[in-house]
Amino acid sequence: MSLSFEGRVVLVTGAGGGIGREYALAFAERGASVIVNDLGADTKGGGKSSAAADKVVEEIRAKGGKAVANYDSVEDGEKLIQTALDAFGRIDVVVNNAGILRDRSFARTSDLDWDLIQRVHLRGSFLVTRAAWNHMKNQKFGRIIMTASAAGIYGNFGQANYSAAKLGLLGLANTLAIEGRKYNIHCNTIAPVAGSRLTETVMPPDLVASLKPEYVAPLVLWLCHEQCQENGGLFEVGAGWIGKLRWERTQGYIVRQRNQSMKPESIRDHWEKICDFTDATKPANIQVPLHGVLTLSVFSYFSSQTKAVGQKLPPTTFSFNHTQCILYALGVGMSTKDPDHLRFLYEGHPDFSCLPTFGVISSQAAMMGGGLSSVPGLNIDFTQVLHGEQYLELYKPLPTSGKLTSEATIADVLDKGSGAVILLDVNTYSGNELVCYNQFSVFVVGAGGFGGKRSSEKAKPPLPPPKRSPDAVVIDSTTRDQAALYRLSGDWNPLHIDPSFAAMGGFKAPILHGLCSFGFAARHVLKQFADNDPSRFKAIKVRFVKPVMPGQSLQTEMWKEGNRVHIQCKVKETDAVVLAGAYVDLHGASGASPENLSQGGGLQSELVFAEIGRRIKDVGSELVKKVNAVFGWEITKDGKKAAQWTIDLKSGSGSLHKGPYSGKADVTMTVSDEDFMEVVQGKLNPQKAFFSGKLKVRGNIMLSQKLEVILKDYAKL
Ligand code: NAI
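Student: Even after reading the chapter, I still don't get the overall build of the protein chain, so can you show me in this structure?
Tutor: For the protein chain, the count of helices and strands is 22 helices and 23 strands. The C-alpha atoms of the protein chain give a radius of gyration of 38 Å, which is well past the 27 Å a tight globule of 717 residues would have. Its C-alpha atoms give the protein chain principal-axis dimensions of about 120 × 55 × 40 Å. For the protein chain, buried positions account for 50% of its 717 residues. A separation of at least 24 residues holds for 71% of the contacts in the protein chain among residues at least 6 apart in sequence. When the accessible surface of the protein chain is totalled, it reaches about 33600 Å², and 53% of it is carbon and sulfur.

Student: Is there a simple way to explain the pairing of strand S10 (residues 385-394) in this structure?
Tutor: Here S10 lies mainly inside the structure; seven of its ten residues are buried. Examined bridge by bridge, S10 and strand S13 (residues 433-445) share nine bridges and lie antiparallel to one another. Each residue of the ladder has a partner; that of Glu393, found in S13, is Tyr437. Relative to strand S15 (residues 537-544), S10 runs antiparallel, the two being bridged by five bridges. From the neighbouring strand, Leu392 faces S15, where its bridge partner is Ile540.

Student: What exactly am I supposed to notice about the packing of helix H1 (residues 18-29) against helix H2 (residues 51-62) here?
Tutor: In the contact formed by H1 and H2, the axes pass within 10 Å of each other and the chain directions differ by 25°. Our classification of the angle between H1 and H2 gives roughly parallel. Regarding H1 and H2, the two cross each other, and that crossing is right-handed. Contacts between H1 and H2 involve Arg21, Ala24, Leu25 and Ala28 from the first element and Val56, Glu59 and Ile60 from the second. Here the contact of H1 with H2 is composed, by residue class, of five nonpolar, no polar and two charged.

Student: So what exactly am I meant to see when it comes to the sheet that holds strand S19 (residues 629-637) here?
Tutor: Two strands in a sheet stick together by hydrogen bonds in their backbones, pointing the same way (parallel) or opposite ways (antiparallel). Ordered in space as S21-S20-S19-S22-S23, the five strands form an open sheet in which the pairing is mixed. One side of each edge strand has no neighbouring strand; the edge strands of this open sheet are strand S21 (655-658) and strand S23 (695-699). Strand-to-strand twist in this sheet, taken as the mean axis angle between neighbours without regard to direction, amounts to 20°. Direction of pairing for strand S20 (residues 640-649) relative to S21: antiparallel, over a ladder of four bridges. If you follow Ile647 over to S21, its bridge partner there is Leu656. Across the sheet, helix H19 (residues 605-627) touches S19, S20 and S21, and the angle it forms with S20 is around 25°. Set on the sheet, helix H20 (residues 673-680) makes contact with S19 and strand S22 (667-672); between it and S22 the angle comes to about 105°.

Student: It is not clear to me how the pattern of salt bridges should be interpreted in this structure. Could you clarify?
Tutor: Pairing is possible between side chains that carry opposite charge, provided their charged atoms lie close to one another. Tallying each qualifying case throughout the model produces 29 salt bridges. With a shortest N-O distance of 2.9 Å, Glu561 and Arg468 are connected by a salt bridge. Of this pair, Glu561 sits in strand S16 (residues 553-561) while Arg468 sits in the loop between S13 and strand S14 (472-477), placing them 93 residues apart in sequence. The exposure class of Glu561 is partly exposed, given its relative accessible area of 40%. With a shortest N-O distance of 3.0 Å, Glu674 and Lys637 are connected by a salt bridge. Placement of Glu674 in helix H20 and of Lys637 in strand S19 is noted, with a sequence separation of 37 residues between them.

Student: Help me understand helix H13 (residues 322-331), please; the structure alone is not making it clear to me.
Tutor: An α-helix turns once every 3.6 residues. As a result, residues three or four positions apart point the same way. Regarding H13, the residues found buried are Cys325, Ile326, Tyr328, Ala329 and Gly331. Buried residues along H13 sit against strand S9 (316-320), helix H14 (342-345), helix H16 (482-486) and helix H18 (514-530). For H13, the side-chain oxygen to backbone nitrogen distance between the N-cap and Thr323 is 2.9 Å, and the N-cap itself is Asn321. Downstream of H13 by one or two residues, Gly333 has phi in the positive range, about 90°.

Student: What is the right way to read the site of the ligand from this model?
Tutor: Neighbouring residues of the ligand: 30 residues in total, closest Asp38, Asn97, Tyr162, Ala194 and Ser196. A distance of 3.5 Å is found between a nitrogen atom of the ligand and a backbone nitrogen or oxygen belonging to Leu39. Within the backbone of Ala41, a nitrogen or oxygen atom sits 3.4 Å from an oxygen atom of the ligand. Look at the ligand: alone it shows 810 Å² of surface, and the protein chains cover 96% of it. Those elements that place two or more of their residues in the shell around the ligand are H1, helix H4 (111-139), helix H6 (160-180), strand S6 (185-193) and helix H7 (197-200). Taken together, the residues that form the shell around the ligand break down as 13 nonpolar, 13 polar and four charged.

Student: Even after reading the chapter, I still don't get the nonpolar core, so can you show me in this structure?
Tutor: In a soluble, globular protein the nonpolar side chains are often hidden away together inside. Counting residues in each nonpolar core, the largest one holds 53 residues, and the members touching the most others are Leu355, Phe358, Phe518, Ile540, Met558 and Ile567. Top contributing element to this core by residue count: H18, with ten residues.

Student: Is there a simple way to think about the packing of aromatic side chains in this case?
Tutor: The description of an aromatic ring pair rests on the distance of the ring centres and on the angle between the ring planes. Enumeration according to the criterion identifies twelve aromatic pairs in this entry. A ring pair is formed by Tyr328 and Phe358, whose centres lie 5.5 Å apart and whose planes are at 65°; its orientation type is edge-to-face. Residue Tyr328 is located in helix H13, and its partner Phe358 is located in the loop between H14 and helix H15 (365-368); the two are separated by 30 residues in the primary sequence. The pair Tyr328 / Phe358 is uniform in exposure class, with both members buried. By the ring-pair criterion, three or more aromatic residues cluster together here, those being Phe318, Phe320, Tyr328, Phe358 and Tyr486. Against the face of Phe520 rests Arg523, its NZ or CZ located 4.7 Å from the ring centre.

Student: Can you walk me through the sheet that holds strand S18 (residues 577-586) in this structure?
Tutor: The strand order across the open sheet formed by ten strands is S9-S11-S12-S13-S10-S15-S18-S17-S16-S14, and the pairing between neighbours is antiparallel. The open sheet terminates on both sides in strands that have one partner only, identified here as S9 and S14. Each strand of the sheet is rotated relative to its neighbour by a mean of 20°, with strand direction disregarded. Each of S10, S14, S15, S16, strand S17 (564-571) and S18 touches H18; the most contacted strand, S16, lies at about 50° to it.

Student: Explanation requested: the environment of Cys516 in the structure shown.
Tutor: One can find Cys516 in helix H18. Distance in space between the C-alpha atoms of Cys516 and Thr357 is 9.7 Å, their sequence separation being 159 residues. Among all residues touching Cys516, those that are not within four sequence positions of it are Gly331, Val332, Gln482 and Tyr486.

Student: Explain the confidence of the model for the protein chain here, please?
Tutor: Caution applies to low-pLDDT regions: their predicted coordinates should not be interpreted in detail. Mean pLDDT over the protein chain stands at 87; residues scoring 70 or higher make up 90%. Between residues 287-304, whose pLDDT stays under 50, and residues either more than four places distant or in other chains, the model counts 42 contacts. When the criterion is pLDDT under 50, residues 590-601 qualifies, and its contacts beyond four places in sequence or with other chains add up to 22 contacts.

Student: I keep staring at empty space enclosed by the protein and nothing clicks. Help me out?
Tutor: Over the atoms rolls a probe the size of a water molecule, and in doing so it shows where empty space is left. In the structure shown here, the tally under the stated rule is one cavity of 30 Å³ or more. Space inside the largest cavity adds up to approximately 60 Å³. Of all the secondary-structure elements, those providing two or more residues to the lining of the largest cavity are H4 and H6. Among the residues making up the lining of the largest cavity, the classes are represented as four nonpolar, seven polar and one charged.

Student: Whenever I open this one, unusual backbone geometry confuses me. Can you help?
Tutor: With the exception of glycine, the majority of residues adopt a negative phi angle, and the majority of peptide bonds are in the trans configuration. Despite not being glycine, Asn184 has its phi angle at roughly 60°, a positive value. Residue placement: Asn184 occurs in the loop between H6 and S6. The exposure class of Asn184 is partly exposed, given its relative accessible area of 26%. At Asp531, a position not held by glycine, the phi torsion is positive, near 60°.

Rules used in this analysis
- Residues numbered from 1 in each chain as written.
- Predicted model: local features only at pLDDT ≥ 70, side-chain atom pairs only at ≥ 80, totals over all residues.
- Heavy atoms only, no water.
- Helix = DSSP H or I, 4+ residues; strand = E, 2+ residues; numbered from the N terminus.
- Rg over C-alpha atoms; globule rule 2.2 N^0.38 Å.
- Buried < 20%, exposed > 50% of the residue type's maximum accessible area, 1.4 Å probe, protein only.
- Contact = heavy atoms within 4.5 Å.
- Areas by Shrake-Rupley, 256 points an atom, 1.4 Å probe, with all protein chains shown as cover.
- Pairing = 2+ DSSP bridges.
- Axes fitted to C-alpha atoms, helices over the stretch in contact; angles between N-to-C directions.
- Parallel < 35°, antiparallel > 145°, perpendicular 65-115°, else oblique.
- Left-handed = near helix turned anticlockwise from the far one by under 90°.
- Nonpolar A, V, L, I, M, F, W, Y, C, P; charged D, E, K, R; others polar.
- Salt bridge = Lys/Arg side-chain N within 4 Å of Asp/Glu carboxyl O.
- Polar contact = N/O pair within 3.5 Å; in protein donor to acceptor, adjacent residues only side chain to side chain.
- Near = heavy atom within 4 Å.
- Core = buried A, V, L, I, M, F, W, Y, C linked by side-chain atoms within 4.5 Å.
- Phe/Tyr/Trp six-rings, centres within 6.5 Å; stacked < 30°, edge-to-face > 60°.
- Lys NZ or Arg CZ within 6 Å of the ring centre and 35° of its normal.
- pLDDT = per-residue confidence, 0-100.
- 1 Å grid on protein atoms, 1.4 Å probe; cavity = no way out; pocket = protein on both sides within 12 Å on 5 of 7 lines; lining within 4 Å.
- Points joined across faces, edges and corners; volume = space filled by probe spheres on them.

Structure follows, in structure tokens:
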């Protein structure tokens, strides 16, 4: 279908000649009623004549078109629009085209040269457009063209006045595009190149001939048609070619360091980075820079990130009592409606317990406290951070009150192309005892491409569920206030409560915390397969795939494979997968040792000794000082001696070897593989084991107390 302007009223300023005349003819040819405005001035704005406009009007009428002339200057904007209203009763399209030149090198530019140019181009376009604005607004339709110029976009010798006015028009158009959008008023800007009396003064004649105004007009017609949804665009057009322009911005560099003043020297030192257009972004609105400025951590630059690996964050402490445990349980959807939930909701309950996934709460301060931003070599735009994955392992059931200390280490930084992944390992202790281990995988959007490795042996990978249909499915609804409740457990990110903040992040409304869905899924497994017994819970891994909106229902699908329960969580209403590659590891119902420990070989204790060996390598000399003894171990299996180990903490910087000690060990212990595991996991008190005959000790029995120093951190496995 050809584009018709039947019924539309179009004003073209400066239409007595040049490109403007071409517009007027083209609009009229397609049925528009045209107001042909022209002051009839010379190129420098001098003189006045009605002949130019009249001639074009005659041409249009001769072809059967509708047109009236207007001879006012664009500086009398109201009069031009009044002509349209008087003749045709409305105004639909304004093409701001009238223009003059007063080229001078900058030093020679007079006040008049400057003012005249601003008055005709910038002020004239303003006055004409303002006069039309309310009419367009009321009729909920309007199309406006501003005429800029390459001289404004790029600069041009001798055109300081003209360049300033022309780019001023682009600024005007940018804002009109925003203000007009909801009234279906679109405003676009063109930078034409065409042979006309204006260009004759600056271009050779044969070039002028190839740049016909009729190669510019079709773009203006399209932009002014009701079908065209373009708004706020900038186009270069000439000789039959059209291109669109937009802004580009470098990734930039955060020059300001925490708690330090910002110095020009650090700008000088990072100038290349600030100006490096590799991976440039294309900002399209004002929100992005403002957002960056507000959060004070502007752009990301990761080339020095590898320095960050292995860095420890300052330790954080977390003090809590039953209130936090209960608040968390409510946050992840527990309710007194379910009698099973009472043990997590009522501190007076005989089995009052803390939900295992509370282990992320006690450790998250390392993340939330902005600890990451203090790591040298790690520059992150925190507005671009997503929580990608989470792993949590408990070494003993969490206490329901106390003080926990977390130590976080940057385990690795990975380059995923579109972003970077930071693996943050957090060990949480109660006193000296390791209670739990978390691995946070943080995805930093746009921070990839620094040439780093893609994967890490330190990452706890997500695992796909078996291909069969799930063994159990639990559906549970979140409430409208789920996120508002969950955040009270310490994740204060406004993304989960503030609609305008959520909008900046590209979400329709505040979203539920990923770790809240995580808590839902974990307790579904705990109920389904572990009788709600927190001591059966060993570990959980999830990958956060999509957001959940508060009020939606979560559907947890579960597959049991030995002591591992694979899970996948969906939003029931949309069927979208929100937690993927997830699993929960449980301890066996008998209270036996974690079965996966036996994977390494016949004896579960092998792994523990391997870990002890690693510890001795790390801190052996310290242990030798503290312990100063040789320990022999005899591990039995099914009543038979199965392995012997020697822990030498007497000579050198300590050592471990498999087999008996060459001399006489200070103390030798005999224990079954199973009981050994019970002891190291804290399930079997060593004294009890001794008195019940499960643990036999020869030699200096007092020394066995020192074993604690070695075994205590077994849980770091
Ligand atoms: P032109 O000189 O042929 O046409 C401009 C028209 O505007 C003239 O007819 C003139 O009488 C009229 N005019 C001047 N002052 C006026 C006023 N105060 N009120 C009403 N009418 C007035 O020039 P051309 O080349 O057709 O340019 C049209 C527009 O395109 C201008 O805004 C110019 O700056 C712009 N432009 C043209 C380029 C080209 O290659 N021709 C390059 C970049 C921009």
